[in-house]
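Structural characterization, general
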Amino acid sequence: MRWIGGRESTNVDDRRGVSGGGLVAGGGIIGVIVVILRLLLGGGGDGSIPIPGGGQSQQMTTEEKAADDERAKFVKVVLGYTEDVWTQLMAQQGKQYPAPTLVLFRGQAQSACGFASSATGPFYCPGDQELYIDLSFYQELKDRFNAPGDFAMAYVVAHEVGHHIQKLLGIADKMERLHGQLNETEYNKYSVMMELQADFFAGVWANHVQQMKNVLEEGDIDEALNAATAIGDDRLQKEAQGYVVPESFTHGTSKQRYYWFKKGFDTGDINQGDTFHDPSLQ
Ligand SMILES: [Zn+2]
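One structure accompanies this document, and this report is about it. Please read these numbers as outputs of a predicted model, since none were measured by experiment.

About the criteria used
- Residues numbered from 1 in each chain as written.
- Predicted model: local features only at pLDDT ≥ 70, side-chain atom pairs only at ≥ 80, totals over all residues.
- Heavy atoms only, no water.
- Helix = DSSP H or I, 4+ residues; strand = E, 2+ residues; numbered from the N terminus.
- Buried < 20%, exposed > 50% of the residue type's maximum accessible area, 1.4 Å probe, protein only.
- Salt bridge = Lys/Arg side-chain N within 4 Å of Asp/Glu carboxyl O.
- Contact = heavy atoms within 4.5 Å.
- 1 Å grid on protein atoms, 1.4 Å probe; cavity = no way out; pocket = protein on both sides within 12 Å on 5 of 7 lines; lining within 4 Å.
- Points joined across faces, edges and corners; volume = space filled by probe spheres on them.
- Nonpolar A, V, L, I, M, F, W, Y, C, P; charged D, E, K, R; others polar.
- Phe/Tyr/Trp six-rings, centres within 6.5 Å; stacked < 30°, edge-to-face > 60°.
- Donors = N, O, S within 2.8 Å, 3.2 Å for Na, K, Ca; no water.
- Core = buried A, V, L, I, M, F, W, Y, C linked by side-chain atoms within 4.5 Å.

1. Topic: unusual backbone geometry
Most peptide bonds take the trans configuration, and most residues that are not glycine carry a negative phi. Phi angles above zero are rare outside glycine, and Q129 is one such case at about 50°. Here Q129 lies in the loop between strand 5 (123–125) and strand 6 (130–134). In the Ramachandran plot, N146 falls in the positive-phi region, its phi being about 55° despite a non-glycine side chain. Residue placement: N146 occurs in the loop between helix 3 (136–143) and helix 4 (150–168). According to the relative accessible area criterion, N146 is exposed, its value standing at 57%.

2. Remarks on the pattern of salt bridges
With the rule as written, the count across this model stands at 13 salt bridges. The residue D14 makes a salt bridge to R16 at a minimum N-O spacing of 2.8 Å. By relative accessible area, which is 9% here, R16 ends up buried. Look at the salt bridges and you will find they share partners, linking D14, R16, K65, D68, D69 and R106 into a network.

3. Observations regarding the environment of F261
In this structure, F261 sits in helix 9 (residues 254–267). Given the relative accessible area of 1%, F261 is considered buried. In this structure, the C-alpha to C-alpha distance between F261 and Q197, residues 64 residues apart in sequence, is 8.4 Å. Ignoring any residue separated from it by four or fewer positions in sequence, one finds F261 in contact with Y155, D199, F200, A202, G203, A206, I221, A224 and L225.

4. What about the layout of surface pockets?
It is the rolling of a water-molecule-sized probe over the atoms that shows where space remains empty. Of the volumes computed, that of the largest pocket is approximately 1100 Å³. Looking at the largest pocket, it is lined by 34 residues, and the ones nearest its centre are F123, Y124, H163, E195 and H251. Considering every element that reaches the lining of the largest pocket, the biggest residue donor is helix 4, with five residues. By residue class, the composition of the lining of the largest pocket is 18 nonpolar, nine polar and seven charged.

5. Regarding the packing of aromatic side chains
Here the structure, examined in full by the defined rule, presents 10 aromatic pairs. When the centroid spacing of 5.7 Å and the interplanar angle of 85° are considered together, the rings of W86 and F201 count as edge-to-face. Residue W86 is found in helix 2 (residues 62–92), and its partner F201 is found in helix 6 (residues 184–213); the two are separated by 115 residues along the sequence. Classification of W86 by relative accessible area gives buried; the value is 1%. With centroids separated by 6.0 Å and ring planes inclined at 10°, the aromatic side chains of F151 and W205 adopt a geometry described as stacked.

6. Digging into the coordination of the zinc ion
Ligation of the zinc ion by protein atoms is provided by H159 (NE2), H163 (NE2) and E195 (OE), these donors lying 1.9 to 2.1 Å from the ion. Every donor residue of the zinc ion comes from the same chain, spaced as H-x3-H-x31-E. Of this pair, H163 sits in helix 4 while E195 sits in helix 6, and the two are 32 residues apart along the sequence. Residues H163 and E195 agree in their burial class; the two are buried.

7. Brief notes about the nonpolar core
In this structure, M1, F74, V75, W86, F151, Y155 and W205 are the most contacted members of the largest nonpolar core, which totals 66 residues. With 12 residues, helix 6 is the largest single contributor of residues to this core. Once residues within four sequence positions are removed from consideration, M1 is found in contact with F74, V78, Y81, D150, F151, A154, V215, E217 and D220. In this structure, F105, A109, F123 and C125 belong to the second largest nonpolar core, which totals seven residues.

Below, the structure is given as structure tokens:
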């Protein structure tokens, strides 16, 4: 993807530095509990309090830091591109586009949806309308999911922004209501539709960002499709447990994710993405 020199979004809350030094200012409840425990147990007061599960990447070499900053820049440009595209697409529907804020964190962060760690993977929280990304996921895409390439990461960002679009269109709130009404298997079915629609919106974005800015390079769409395939539930489950349990799917199979991203990209039409009424998903 051609991105160098692109506008970096300013809707970014960069907390990477905050969590780097042990005591996490934004660490919320857990951080506070650790501090209190430490005080109760009479621990020393050097101010450096290790927090379980966090901070494995606290000490970065200069090169690692440079690479991390480069990725942050990239993600900010991608976010800027999503703002430009979605502002236009929403305007065509007579709607405003209040852009989401991107929280960059390292190791862990607090969100309105609860505690986030790098193990959670990138996510969107409808409660605070923020996207949470630990940039180490970029590496994970390449190493763990075998989905390298900058556009693989762009797809991930665009997918999370897709959830923001669902929030703006009222779909996320509908889902929220369903949560209390359905059993887990039923709810999972809706969750798959929701995730596939976010993939679809990511595809729509890819279509329009190309039309608006001509930023796609040879192989980019393949990188995104490969990533969509790599993080399908069937693939992940098979990797994790050796077999597949379809009713526990919450994101969709590799094939479905591939299909919906591609459909979004091929049509560029947000009205073609009604996964909730698609016969193949009933
Ligand atoms: Zn998702």
